[in-house]
Amino acid sequence: MGYFLVQCVCCINSPICSTRSLGLTVYCVPRKTFPYQYEDLRLFREEGIWNYSTMLLREDQGVLLLGAREAIYALDIHNITNKKAAVYWRVTKEKQKECAYKGKQSEVECRNYIQTLHPVNDTTMYVCGTNAFSPICDYMSYSDGRLVMYGRQEEGKGKCPFDPFQRYSSLMVGSDLYSATFINFLGSEPVVLRSSNTAVRTEFKSSWLNEPTFVYMDHIPESADSAEGDDDKVYLFFSENAMEYDFYSKLTVSRVARVCKEDMGGQRTLQRKWTSFVKARLDCSLPEPSLPPIVQDVFLLKHQNWRRSVFYAVFTPQSGSSRMSAVCAYSVAAIREVFNEGKFKTSVAVETSHVKWIMYSGELPVPRPGACINNAARKLGMRSSLDLPDKTLQFIRDRPLMDEAIRPLTGGPLLVTQGAALTRIVVDNVLALDGHVYPVMFIGTENGFIQKAVNYAGEMFVIEEIQVYEDPQPISTLRLSSTKGHVYAGSVSGVVQMPVSNCSRQGSCSDCVLARDPYCAWDLSAARCSAVSSNSIGSAAVQSLAEGDTSKCTPPEPVSVIEVNLVPGNNIQLPCRADSNLAQVHWFFSDRRLRSSPQYYVYSGGLLLLNASGSDVGRYACDSVEWSHGEMHNKTVAVYHLKLSPGLGGAEEEEEEGKTAVDDGVANSSGGSDIPSTTEQARIPGPKPEEPLLPETQTDGGRVAGLRVAVAVLALMCLSLFAALVWKVKRGVWCLPLGGPQESKAKTPVVEYAHVHNHTTSAVKMPEPAPGSPCIGNNNHSAVDFKGNGHPLFTSMADISCLDGLGYINDESEI
Ligand SMILES: *[C@@H]1O[C@H](CO)[C@@H](O)[C@H](O)[C@H]1NC(C)=O
Ligand SMILES: *[C@@H]1O[C@H](CO)[C@@H](O)[C@H](O)[C@H]1NC(C)=O
Ligand SMILES: *[C@@H]1O[C@H](CO)[C@@H](O)[C@H](O)[C@H]1NC(C)=O
Ligand SMILES: *[C@@H]1O[C@H](CO)[C@@H](O)[C@H](O)[C@H]1NC(C)=O
């Protein structure tokens, strides 16, 4: 059963990845799915503490600083299970009472949620907490293995949210704290604030911020080797109610805004307000018509030349109808171009009460509204924003929105997934064996998985998905230590540390190469999949990222044959599992390809031979067939030799064996751990004639056993069918004909009903699973079908009536 549960978790996750190229929707599948493995992860949580949502990596101090509800920890960056120090920052009873009195939930909202953790200097951090809807900040030091709060208790209003459930972002640049949050108890006054000697903030105008959700902030040092004498900027990503569309209801759009670091506000107009606040819509169009998706998280992949830095952003749909998430990337250069050279939008009154936003096509005042003080402004005698003329300031005060949207670097999304929503993203630059650097994305999901994906010259490839939380829960924080090679994922219940790669999971050369993981290569001398960065890797190593070309691999050792005794009339199960989600299992009897039929049942866990007879004696081979770049990679995973049982027993015994065979089949599939056991079985050297493949365990006799066999067969089939369906839906096969290039057209996802044996047992037959190559093109029609279908798995399951079949048998057994 465990196996099917695992499958179920996978189906809930069901990431069907897609990219768009040449008007074609392309669907991808994570090549491998790794269910939760406690041993492969390091976990930190503390009894009674929740909401591990704020993280600051201090590689200089070798710690991960972690903010939770009423607690801050310093964890060993190499092993977060190892707590180096902790400090507890609880709300006072009076504060909690006061907060509850104002109508907030005492035990949930009226607590101190640590939301801000920024470095100040080598040993000091700036920390803020919600403090029962009364935000405060303080300094905290970490030195000599101790965390100490200074106890300065500064006002936190505007720096930290009141409401712990509100998204918020902040950033420390030098000694200035930039924050984007709500400045009042009611959460109705949004601000983007710089707390410094000259505090500067946004105007309270809906044209500036209209019920925003703040997501991310970062700093770009644009003054560095700038010919125009430009200023550094702070970029802010958020979503808000659109003002520029006529829409029947509220429409949310994603935005990027920016301000200049040296902005001091205006002299008369925009006093102590940003003179450089400009914003633009972020475009990330899904491959099918839908409302604009909403930005959820952003990661800045920094480049030495800041112009080549790239923002990676995760989007989720705003309507409940779609379950697609997307990742789009935006270059700093493209954002700059829109802000520095693009047209503005302006409002015009239509009728009496209605305003419409259209492109502003008149003359722009000089200096350009929203621009930082640069050489050109300095030439005009303006040394700071205080010197800007009223015309420029009035223009930007009333028109902070750009006409043009920011387009993604690749024209469209880098990745589109269907299923569990994507929540957070980090991106690592990885130096591969070919000397090129590849950006590898780690994307957290709503249900506790991390997907690892990379883009090879426009082709999106999802290397794997790893379950990092046993109980499905959203990943709310994701951090990357590129130098230490770890990803840290925070959630409500704890923090998990995961290595950026675990090459040893790829057991063979072809597996290692087909994984197309820039972190890993097959070391020919050591004959194992090793990390490229490790010094241990030999000079002869195989990696083929763009192609997944396994031709340099030495052919694998042939698998040894497993002998299986055949008892006529029995059902025999031969386990075999494909190497990856992208592979398909092909069975051969002698050299004839076997497909599901009344006699053979091919499913994802192996082959079930129904009602075996003497003519079934012979050699059965199971191949794992994986497509990569139109190349077929064939690997024999298991070989069985069926021969007639030497001492044939009576009918009772036959039925016994039949039953145990099936039972074992189910047991074999449990916990998803059957892959190693299968291979182990397959590697047993030499024939073992006396040893039955499956042990006898039952001693019941007669008719009851016979019925139980039938029930077991049906149960197995139903479960397998369920698994296969899950598996199909997971791959989007439900509506999309996938499969190897030659087969893609012939496959139909229709479940067939067949009559096996006699009228007492109806069995369900379905076409064998047809996995796709990682990215299979299909026309838009199918894509729309898939979406229109809503929840194809569960609506379809109702029609299959597995339970009816079992019910039928049960009825008979009662006769
Ligand atoms: C890597 O994977 C192997 C095989 O699953 C496992 O035994 C090992 O613990 C993993 N190592 C790490 C560091 O996760
Ligand atoms: C990580 O730290 C914990 C607690 O100190 C320890 O029990 C565990 O063995 C460590 N794991 C590794 C792999 O070092
Ligand atoms: C670090 O900053 C804190 C707070 O401003 C200050 O009290 C402390 O002296 C500084 N420490 C160092 C080593 O600069
Ligand atoms: C904090 O964790 C608790 C316990 O799981 C949860 O109920 C609550 O919603 C969380 N609060 C926030 C702000 O996420």
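Residues numbered from 1 in each chain as written. Chains lettered and ligands numbered in written order. Predicted model: local features only at pLDDT ≥ 70, side-chain atom pairs only at ≥ 80, totals over all residues. Heavy atoms only, no water.

Each helix and strand counted, the protein has 12 helices and 48 strands in total. Residues classed as buried in the protein amount to 58% of the 815 residues present. Only carbon and sulfur atoms are counted for the fraction: they give 52% of the accessible area of the protein, which is about 33800 Å². (Helix = DSSP H or I, 4+ residues; strand = E, 2+ residues; numbered from the N terminus. Buried < 20%, exposed > 50% of the residue type's maximum accessible area, 1.4 Å probe, protein only. Areas by Shrake-Rupley, 256 points an atom, 1.4 Å probe, with all protein chains shown as cover.)

This part covers the site of ligand 4. What surrounds ligand 4 is the set Trp 50, Asn 51, Tyr 113, Pro 164, Phe 165 and Val 492. Between ligand 4 and Asn 51 there is a distance of 2.6 Å, counted from an oxygen atom to a side-chain nitrogen or oxygen. Computed on the free molecule, ligand 4 has an accessible area of 360 Å², of which 65% lies beneath the protein chains in the complex. A class-by-class count of the residues in the shell around ligand 4 yields five nonpolar, one polar and no charged. (Near = heavy atom within 4 Å. Polar contact = N/O pair within 3.5 Å; in protein donor to acceptor, adjacent residues only side chain to side chain. Nonpolar A, V, L, I, M, F, W, Y, C, P; charged D, E, K, R; others polar.)

On the secondary structure map, Glu 155 appears in strand 13 (residues 154-155). The sequence separation of Glu 155 and Ser 134 amounts to 21 residues, and the corresponding C-alpha distance is 8.7 Å. Residues in contact with Glu 155, not counting those within four places in the same chain, are Pro 135 and Cys 137. There is a polar contact of 2.9 Å between the side chain of Glu 155 and the backbone nitrogen of Lys 157. (Contact = heavy atoms within 4.5 Å.)

So, about the packing of aromatic side chains. One pass over the structure, following the stated rule, counts 23 aromatic pairs. With 5.1 Å between their ring centres and 80° between their planes, Phe 344 and Phe 395 make a pair best called edge-to-face. Of this pair, Phe 344 sits in the loop between helix 3 (332-341) and strand 25 (345-350) while Phe 395 sits in helix 5 (residues 390-398); the two residues are 51 residues apart in sequence, bridging distant segments of the chain. Residue classification places Phe 344 among the buried positions, given a relative accessible area of 1%. Given the relative accessible area of 5%, Phe 395 is considered buried. Here the guanidinium or amino end of Arg 152 rests over the ring plane of Tyr 139, the centre of that ring lying 4.7 Å away. (Phe/Tyr/Trp six-rings, centres within 6.5 Å; stacked < 30°, edge-to-face > 60°. Lys NZ or Arg CZ within 6 Å of the ring centre and 35° of its normal.)

Residues Val 192, Phe 237, Phe 311, Tyr 330 and Ile 335 are the most contacted members of the largest nonpolar core, which totals 57 residues. By size, the runner-up hydrophobic cluster in this structure holds 54 residues, among which are Val 310, Ile 450, Tyr 519 and Cys 520. (Core = buried A, V, L, I, M, F, W, Y, C linked by side-chain atoms within 4.5 Å.)

Here the focus is a nonpolar patch on the surface. A surface patch of nonpolar side chains, amounting to about 230 Å² of accessible area, comprises Tyr 245, Phe 247 and Leu 291. Looking at the secondary structure, you find Leu 291 in the loop between strand 21 (278-281) and strand 22 (294-301). (Patch = residues over 30% accessible without salt bridge, like charges linked within 9 Å, V, L, I, M, F, W, Y side chains within 5 Å. Salt bridge = Lys/Arg side-chain N within 4 Å of Asp/Glu carboxyl O.)

Let's shift gears to the site of ligand 1. As a matter of local geometry, ligand 1 sits amid Asp 40, Asn 502, Ser 504 and Arg 505. Asp 40 is positioned such that a nitrogen or oxygen atom in its side chain is 3.0 Å from an oxygen atom of ligand 1. Taking Asn 502, its side chain carries an N or O atom lying 2.3 Å from an oxygen atom of ligand 1. Relative to its unbound accessible area of 360 Å², ligand 1 is 51% covered by the protein chains.

We now examine the environment of Asp 283. Within the secondary structure, Asp 283 sits in the loop between strand 21 and strand 22. A relative accessible area of 7% places Asp 283 in the buried class. There is a polar contact of 3.1 Å between the side chain of Asp 283 and the side chain of Arg 407.

Overall, the predicted model of the protein reaches an average pLDDT of 78, with 75% of residues at or above 70. A low-confidence stretch, residues 1-27 stays under pLDDT 50, and its non-local contacts, those more than four residues away or across chains, total 101 contacts. For the stretch residues 649-815, pLDDT sits under 50, and the model shows 284 contacts to residues farther than four places along the chain or on other chains. (pLDDT = per-residue confidence, 0-100.)

All right, on to the sheet that holds strand 38 (residues 561-566) then. Sheets are built from strands that pair by backbone hydrogen bonding, the pairs being arranged parallel or antiparallel. Strand order in the open sheet made by the five strands is 38-45-44-40-41, with mixed pairing throughout. The two strands at the open ends of the sheet, each matched to only one other strand, are strand 38 and strand 41 (592-594). Neighbouring strand axes in the sheet, compared pairwise and without regard to direction, differ in orientation by 35° on average. Sheet topology note: the strand 40 (residues 583-589)/strand 41 ladder contains three bridges and is antiparallel. Paired with Trp 587 across the strands is Leu 594, a residue of strand 41. (Pairing = 2+ DSSP bridges. Axes fitted to C-alpha atoms, helices over the stretch in contact; angles between N-to-C directions.)

Now for the sheet that holds strand 6 (residues 63-68). Ordered in space as 5-6-7-8, the four strands form an open sheet in which the pairing is antiparallel. On the outer flanks of this sheet lie strand 5 (54-58) and strand 8 (83-88), each paired with one strand and no other. Adjacent strand axes in the sheet meet at a mean angle of 15° when their direction is disregarded.

A complete count under the given rule lists eight disulfides for this structure. In this model, Cys 260 is linked to Cys 372 through a disulfide, with the two sulfur atoms separated by 1.9 Å. On the sign convention where negative is left-handed, the bridge of Cys 260 and Cys 372, at about -90° about the S-S bond, is left-handed. Of this pair, Cys 260 sits in strand 20 (residues 252-260) while Cys 372 is found in the loop between strand 26 (354-359) and helix 4 (375-379), placing the two residues 112 residues apart along the sequence. Owing to a relative accessible area of 3%, Cys 260 belongs among the buried residues under this scheme. (Disulfide = S-S within 2.5 Å.)

Among the five residues in strand 32 (residues 477-481), four count as buried, and that is most of the element. The pairing of strand 32 with strand 33 (residues 486-490) spans five bridges and is antiparallel. Pairing of Thr 477 across the sheet is with Gly 490, part of strand 33.

Regarding helix 3, the residues found buried are Val 332, Ile 335, Arg 336, Val 338 and Phe 339. Buried residues in helix 3, looked at end-on, bunch into an arc of 165°, giving them a common side. What points out from helix 3, more than 90 degrees from its buried face, is the exposed set Glu 337 and Glu 341. Where helix 3 is buried, its residues meet strand 18 (213-220), strand 19 (233-241), strand 20, strand 21, strand 23 (310-316) and strand 24 (324-331). (Arc of directions from axis to C-beta.)

Before going further, it helps to spend a moment on the environment of Asp 144. Looking at the element boundaries, Asp 144 is found in the loop between strand 11 (136-143) and strand 12 (146-149). Between the C-alpha atom of Asp 144 and that of Ala 85, which follows or precedes it by 59 residues, the distance is 9.9 Å.

Position of Thr 202 relative to the elements: it lies in the loop between strand 17 (200-201) and strand 18. Its relative accessible area of 0% is what places Thr 202 among the buried residues. For Thr 202, the side chain forms a polar contact with the main-chain nitrogen of Val 192, separated by 3.0 Å.

All told, the structure shown has 30 salt bridges when counted by the stated rule. For the salt bridge of Arg 31 with Glu 626, the shortest nitrogen-to-oxygen distance reads 2.5 Å. With Arg 31 in the loop between strand 2 (24-28) and strand 3 (32-34) and Glu 626 in strand 44 (residues 618-628), the pair connects residues that are 595 residues apart, well separated along the chain. With a relative accessible area of 1%, Arg 31 lands in the buried category. For Glu 240, the salt bridge is made with Lys 279, and the minimal N-O distance between the two is 2.6 Å. Taken as a pair, Glu 240 in strand 19 and Lys 279 in strand 21 lie far apart in primary sequence, 39 residues in all. The pair Glu 240 / Lys 279 is uniform in exposure class, with both members buried.

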